Amino acid sequence: MRLNKFIAQAGICSRRKADELTLAGKVKINGAVMDQPGYDVQDGDKVEVDGRLIGAYTGGKTAQRKVYFMLNKPKGYITTLSDEKDRPVVTDLFTDVEERIFPIGRLDYNTSGLLIMTNDGDLSYRLSHPKHQVYKTYRARISGVLGPGAEARLKKGVDIGGYVTAPAQVKVIRQAAGSAIVEIKISEGKNRQVRKMFNAVGNKVLDLERIAIGELHMGHLLTGHYRKLTREEIEYLKNC
Ligand code: URA
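Keep in mind that what you see is a predicted model, and the values were worked out from it rather than measured.

Draft legend 1. Broad picture of the environment of Glu233. Relative to the elements of secondary structure, Glu233 occurs in helix H6 (residues 231-238). Placed 142 residues apart in sequence, Glu233 and Thr91 show a C-alpha to C-alpha distance of 21 Å. Those residues in contact with Glu233, other than ones at most four positions away along the chain, are Met70, Leu216, Arg227 and Lys228. In this structure the side chain of Glu233 is engaged in a polar contact, spanning 2.8 Å, whose partner is the side chain of Arg227.

Draft legend 2. Broad picture of helix H2 (residues 15-23). Turning to H2, its buried residues are Arg15, Ala18, Asp19, Leu21 and Thr22. All buried residues of H2 fall inside an arc of 165° around its axis, so they share one side. Residues of H2 that are buried in the fold lie against helix H1 (3-9), strand S1 (27-29), strand S3 (46-49) and helix H3 (121-128). Phi for Gly25, located one or two positions after H2, is positive at around 80°.

Draft legend 3. View of the site of the ligand. Neighbouring residues of the ligand: Leu107, Asp108, Thr111, Tyr138, Arg192, Gln193, Val194, Arg195 and Leu208. Val194 is positioned such that a nitrogen or oxygen atom in its backbone is 3.1 Å from a nitrogen atom of the ligand. Within the backbone of Arg195, an N or O atom sits 3.1 Å from an oxygen atom of the ligand. Protein contacts shield 95% of the accessible area of the ligand, which totals 240 Å² for the unbound molecule. Of the residues forming the shell around the ligand, the biggest block, three residues, is contributed by helix H5 (residues 193-200). Of the residues belonging to the shell around the ligand, the class tally is four nonpolar, two polar and three charged.

Draft legend 4. Examining the pattern of salt bridges more closely. Inspection of every chain in the model, using the stated rule, returns ten salt bridges. When the shortest N-O distance is used, the salt bridge between Asp122 and Arg15 registers 2.7 Å. A residue pair is termed long-range when its members are at least 10 positions apart, and Asp122 in helix H3 and Arg15 in helix H2 qualify at 107 residues. Here Arg227 and Glu233 are joined by a salt bridge, their closest N and O atoms 2.8 Å apart.

Draft legend 5. Layout of the nonpolar core. Residues Leu146, Ile184 and Phe198 are the most contacted members of the largest nonpolar core, which totals 31 residues. The set of elements that each furnish at least two residues to this core consists of strand S5 (68-73), strand S7 (111-118), strand S8 (136-143), helix H4 (148-156), strand S10 (179-186), H5 and strand S11 (205-213). The element that contributes the greatest number of residues to this core is S10, accounting for four residues. When neighbours within four sequence positions are excluded, Leu146 is seen to be in contact with Glu151, Leu154, Val170, Val172, Gln175, Val182, Phe198, Val201 and Asn203.

Rules used in this analysis
Within each chain, residue numbers correspond to sequence positions counted from 1 in written order. Per-residue local features of the predicted model are confined to residues with pLDDT of at least 70, and side-chain atom pairs are confined, for both listing and counting, to 80 or more; whole-chain, interface and lining totals are unaffected and use all residues. The basis for every side-chain value is the complete set of heavy atoms in the structure, and neither hydrogens nor water enter the calculation. Comment: elements are numbered from the N terminus, with helices defined as DSSP H or I runs of at least four residues and strands as E runs of at least two. Pairs of residues are marked as contacts when any of their non-hydrogen atoms sit within 4.5 Å. In the analysis that follows, any N or O atom pair within 3.5 Å is treated as a polar contact, provided that within protein one partner can donate a hydrogen and the other can accept it, and provided that, for residues neighboring in sequence, both atoms belong to side chains. Relative accessible area decides the class of each residue, using a 1.4 Å probe on protein chains only: under 20% of the type maximum gives buried, over 50% gives exposed, and in between gives partly exposed. For this quantity, the arc is that covered by the directions from the helix axis to the C-beta atoms. Whether a residue is near a molecule or strand depends on its heavy atoms: it is near if one of them lies within 4 Å of it. The accessible surface values rely on the Shrake-Rupley method and a 1.4 Å probe; as for residues, cover is taken only from the protein chains in view. Under this grouping Gly is polar, as are all residues other than the nonpolar Ala, Val, Leu, Ile, Met, Phe, Trp, Tyr, Cys and Pro and the charged Asp, Glu, Lys and Arg. Take a side-chain nitrogen of Lys or Arg and a carboxyl oxygen of Asp or Glu: if they are within 4 Å of each other, that pair is a salt bridge. Buried Ala, Val, Leu, Ile, Met, Phe, Trp, Tyr and Cys residues form a nonpolar core when they are joined through side-chain atoms within 4.5 Å.

This is how it looks when you write it as structure tokens:
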């Protein structure tokens, strides 16, 4: 079995992330660094990721019950699994979940809102693949006024530093004296994309929250809380 598939099936992370960890020299096979993502795991191989033994390949599947949650991520948490600055990690919030879950996709340290957490590496791989990019809805509080020109530019696509974004859906929810609340739907997932898009049209993002992934809405889930996804919601994501 290919190394990235083995790591994903063990519930460590997505296949893509497994490739990144492998190339970064963080994966060992039988005690020796293995930096070839295409390595074919052999019967009896002991696989370590980031210093942690995740299992020996026995030719069969690493059977683990698949679990799926939605979390309302608070600001001040990172979505990667470890951090050199020792900041809180989203998995810290799952005190009563035994499975080794990880987030699908990422949200910035200062972004709050909807995050899917699972140990299903295949679902994570599918949803993160550019071919399947499902649109995500963000609610942003921005500085100043979003004028008609800026709104039209966001809708058409803006240059965020060498990359022109795909057309977005934009709706001004409320305009107050010095700030505005705007909902924006995008289907790409470039690093800090929403913040960069508003910067490109002259507005600073003051607060950012993800409120939906496709048709999966966060609803009234409180900040820092999580719940299991329903069977229908899991099916929906699997068919995105
Ligand atoms: N866009 C951002 O700028 N930040 C996020 O966390 C998600 C999308």
